Every structure is written in C-alpha cells, then in structure tokens.
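Now for the letters of each chain:
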Amino acid sequence: MRIDVFTIFPELVSGFAAASLLGKAQSRGLLDIRAHDLRAETTDPHRTVDDSPFGGGAGMVLMPEPVFAAVEAVDPPRPLLLLDPGGRRFDQAMAHELAALDGFSLLCGRYENVDHRIREHLVDGEVSIGDYVLSGGEVAAMVILEAVGRLVPEVMGNRASVDEESFADGLLEYPHYTRPAEFRGWEVPDVLRSGDHGRVARWRRAQSLARTIRERPDLIEARGGLADEEREALAEHGLDDGSGRPALD
Ligand code: SAH
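Residues numbered from 1 in each chain as written. Predicted model: local features only at pLDDT ≥ 70, side-chain atom pairs only at ≥ 80, totals over all residues. Heavy atoms only, no water.

Quick look at the side chain of Thr7
Here is the rule: Each helix corresponds to a stretch of at least 4 residues labelled H or I by DSSP, and each strand to a stretch of at least 2 residues labelled E; elements are numbered beginning at the N terminus. Any pair of N or O atoms that falls within 3.5 Å is considered a polar contact. Within protein, one atom must be able to donate a hydrogen and the other to accept it, and sequence-neighbouring residues count only if both atoms are side-chain atoms. Between two residues, a contact is recorded if the distance between any of their heavy atoms is within 4.5 Å.
Within the secondary structure, Thr7 is located in strand β1 (residues 2–7). A polar atom in the side chain of Thr7 sits 2.7 Å from the backbone nitrogen of Phe9. Every residue in contact with Thr7, bar those within four places of it in the chain, is listed here: Val13, His36, Asp37, Leu38, Cys108 and Glu138.

Looking at the sheet that holds strand β8 (residues 125–128)
Where we set the bar: Strands pair, by our definition, only if DSSP identifies at least two bridges between them. Lines fitted to the C-alpha atoms define the axes, with helices restricted to the stretch that makes contact. Angles between their N-to-C directions range from 0 to 180 degrees.
In spatial order, the strands read β2-β1-β6-β5-β8; together these 5 strands make up an open sheet with parallel pairing. A single partner strand is all that each edge strand has here, and the edge strands are β2 (32–37) and β8. Neighbour-to-neighbour, the strand axes of the sheet open up by a mean angle of 35°, direction not taken into account. With 6 bridges connecting them, β1 and β2 associate as parallel partners. What sits directly across from Val5, in β2, is Ala35.

So, the pattern of salt bridges
We count it as follows: The working definition used for a salt bridge is a side-chain nitrogen of Lys or Arg within 4 Å of a carboxyl oxygen of Asp or Glu. Summary of the burial criterion: residues with accessible area below 20% of their type's maximum are buried, those above 50% are exposed, and those between are partly exposed, where the area comes from a 1.4 Å probe applied to protein chains only.
Considering all chains together, one arrives at 18 salt bridges under this definition. Among the ionic pairs, Asp218 bridges to Arg216, the shortest N-O distance being 2.9 Å. Arg216 gets classed as partly exposed once you look at its relative accessible area, which sits at 31%. We note a salt bridge from Glu230 to Arg223, for which the minimum N-O separation is 2.9 Å. Overall, the relative accessible area of 26% leaves Arg223 in the partly exposed class. Put simply, Asp169, Arg205, Arg223 and Glu230 are held in one network by salt bridges that share partners.

Things to note about a nonpolar patch on the surface
Our working rule: Within this analysis, patches are made of residues with over 30% relative accessible area and no salt bridge. Like charges are joined at 9 Å or less; nonpolar side chains (Val, Leu, Ile, Met, Phe, Trp, Tyr) at 5 Å or less. Calculation of accessible area relied on Shrake-Rupley with a 1.4 Å probe; when residues are assessed, cover is drawn exclusively from the protein chains displayed.
Among the surface-exposed residues, Tyr132, Leu134, Val139 and Val143 lie close enough to one another that they form a single nonpolar patch of about 330 Å² accessible area. Its location among the elements puts Tyr132 in the loop between β8 and α6 (138–149).

Describing helix α10 (residues 228–236)
Within the sequence span of α10, burial applies to Glu230, Ala233, Leu234 and Ala235. Close packing links the buried residues of α10 with α8 (197–215). Positive backbone phi, approximately 65°, marks Gly238, located one or two places after α10.

Thoughts on the pairing of β1
For β1, a buried count of 5 out of 6 residues is recorded, marking the element as mostly surrounded by other parts of the structure. Judged from the 5 bridges that link them, β1 and strand β6 (residues 103–107) form a sheet pairing that is parallel. What sits directly across from Val5, in β6, is Leu106.

Brief notes about the site of the ligand
Using the following cut-off: Near, as used in this document, describes a residue that has one of its heavy atoms within 4 Å of the molecule or strand being considered.
Contacts to the ligand come from 19 residues, most closely from Leu83, Gly109, Glu112, Gly130 and Tyr132. In the environment of the ligand, a nitrogen atom lies 3.5 Å from a nitrogen or oxygen atom belonging to the backbone of Asp84. Protein coverage of the free-state accessible area of the ligand, which is 560 Å², stands at 86%. Where the shell around the ligand is concerned, the elements lending two or more residues are β5 (80–89) and β8.

Concerning the environment of Asp124
Within the element layout of this structure, Asp124 appears in the loop between α5 (116–121) and β8. Separated by 87 residues in sequence, Asp124 and Asp37 place their C-alpha atoms 20 Å apart. Apart from the residues within four sequence positions on either side, Asp124 is in contact with Arg78, Pro79 and Leu80. At 3.1 Å, the side chain of Asp124 and the side chain of Arg78 are in polar contact.

Quick look at α8
The periodicity of an α-helix, 3.6 residues per turn, causes residues three or four positions apart to be oriented the same way. Selection rule: Here the expected length of a helix is defined as 1.5 Å per residue gap, with one fewer gap than residues.
Taking 1.5 Å of rise per residue, 19 residues should cover 27 Å, and α8 covers 27 Å from first to last C-alpha, within 8% of that figure. Along α8, the positions that sit buried rather than exposed are Val200, Trp203, Ala206, Gln207, Ser208, Leu209, Ala210, Thr212 and Ile213. Residues of α8 that are buried sit in contact with α9 (217–222) and α10.

Examining the domain arrangement of the protein chain
Applied cut-off: Domain extents, as shown, originate in an automatic or database domain assignment.
As far as domains go, the protein chain holds domain 1 (2–149) and domain 2 (164–249). For domain 1 and domain 2, the distance between their C-alpha centres works out to 39 Å.

Below you can see the structure in the form of structure tokens.
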C-alpha cells in the first residue's frame, strides 16, 4: 500500500514513518509512505506557500499554486484527503476502509486555512481527527498513518490482536494482565490462570461489555443495545448491565 503525504514539514512525517511498526513495514515492502514538500515546486527565493486573505482578517492562507503544483508533479494515489477540523470524523471504521485500498494521499493544511479552491477542485474529501484545532495537519496525518498502517495485512505479526481490540465489535477491549500474578497486593483474576479457555473467553466478553456500558454507553446504543445472551454473560459474572437493575448472581 502506498500513502503520500503533502506537507510543509516532510521531515516530520518521514521521521515518524521510519520509526517502529511503520518503519519495519516499509523495510519489509508492505507499506510505501512518501512525504512530499509543499514547497517543492515553488520558484521564488523564499519558497513562499502562504499569503494574506482576501477580505482581510487574521492569519495567512495556504496558496493554491504551490499546492496544486506539488500534487500534480507527483500524481499521487487517490483519494487525496485534506486534513481539516470540518472533515469526516476519523474512526476505526474509516481506518479499515482506508486499509482496504491500494493507496491514498493526505494533504496537511497550515496557517488560518487553505485556499478554498484546493478544497473544491483538488482534493477528493476531508478528514478530521476530532473536534479541536491543531496548528497543522501533520499530527493528524500521523494519527491516520499509524491507525491505518497497523491494519494492513501482515504489518502486525499477530493478526488476532487486531480482531479482538477496542472497536472491533463495537465494544471496548477487556482488561489485560501479565506477570506478576500479585503486585502490591492486587491479584490477577483467578479465571485468567485457570487454563480453561472457554471460561477465559466468557469472562473477557463480559468484561468487555461491562467496560463499554460504563465508559462508552453511546457505543452500546449504536449497536442496538444488549442481546439476551450478553445480559446473561454479564449476570453470570455479577456485572452491571447498565439497566439500573441489580446484577444477578
Ligand atoms: N481556521 C481553521 C483551522 C486551521 S488549523 C478552522 O477554523 O477550521 C490549520 C490546519 O491544521 C488545518 O488546515 C488542518 O489541515 C489542520 N487541522 C487542524 N485541526 C485539525 C483536526 N481536528 N483534524 C485534522 N486536521 C486538523
């Protein structure tokens, strides 16, 4: 999979992409992440990419010429997505959608905003990583690179871990423990040391449901509430099903 990123800080993105899991995936030929400098096609001595806004007001605007020129010189994989706080909210479902493509590209905005013609005539869509304002799209692009990169087949050594983690089934993940079995008096639940895989699986499922009910009731609502067997799984482990009724034993 090829992912191209257009930015005024290409070294930031390529440095990030060279480290850890993404770096390994690139050296194994599974991912090809290319960071392009938005100043690459500028011809003036200052390599200018911003100018003041028509109509006045604070801040500078990312100019159309250098951005169109940088993108057209590369002809990057499409869709080309603009990072923007007003875009489609990035989530795990969108990460899966992007991971299923052969490639896509990201355009990092800067300054007060990008010239509107970039939005209207150059990009194929817009994506936001949340309802807050960053100074530039680079960190948002890195969030997307990391979330998508780890879903590309073979990038993560153990595929099962992707299928079981948070959001995979509209639920948050169950609690994890490692050695020691007792730490400062806090013990690992007995069931995890029972060696009974069926019991472990049922316990994890119930914990995952209970944690989601507690922390993210909106996710439970989005999947249409709880199924009968899910209520039973919670009751079996003495966990609250969020209904306000006391847990059964
Ligand atoms: N004035 C703009 C914000 C500009 S922030 C507004 O009010 O909407 C500068 C750049 O940072 C944006 O062009 C975008 O590329 C990036 N950016 C800021 N917040 C972001 C977010 N939540 N998600 C994705 N990109 C973001």
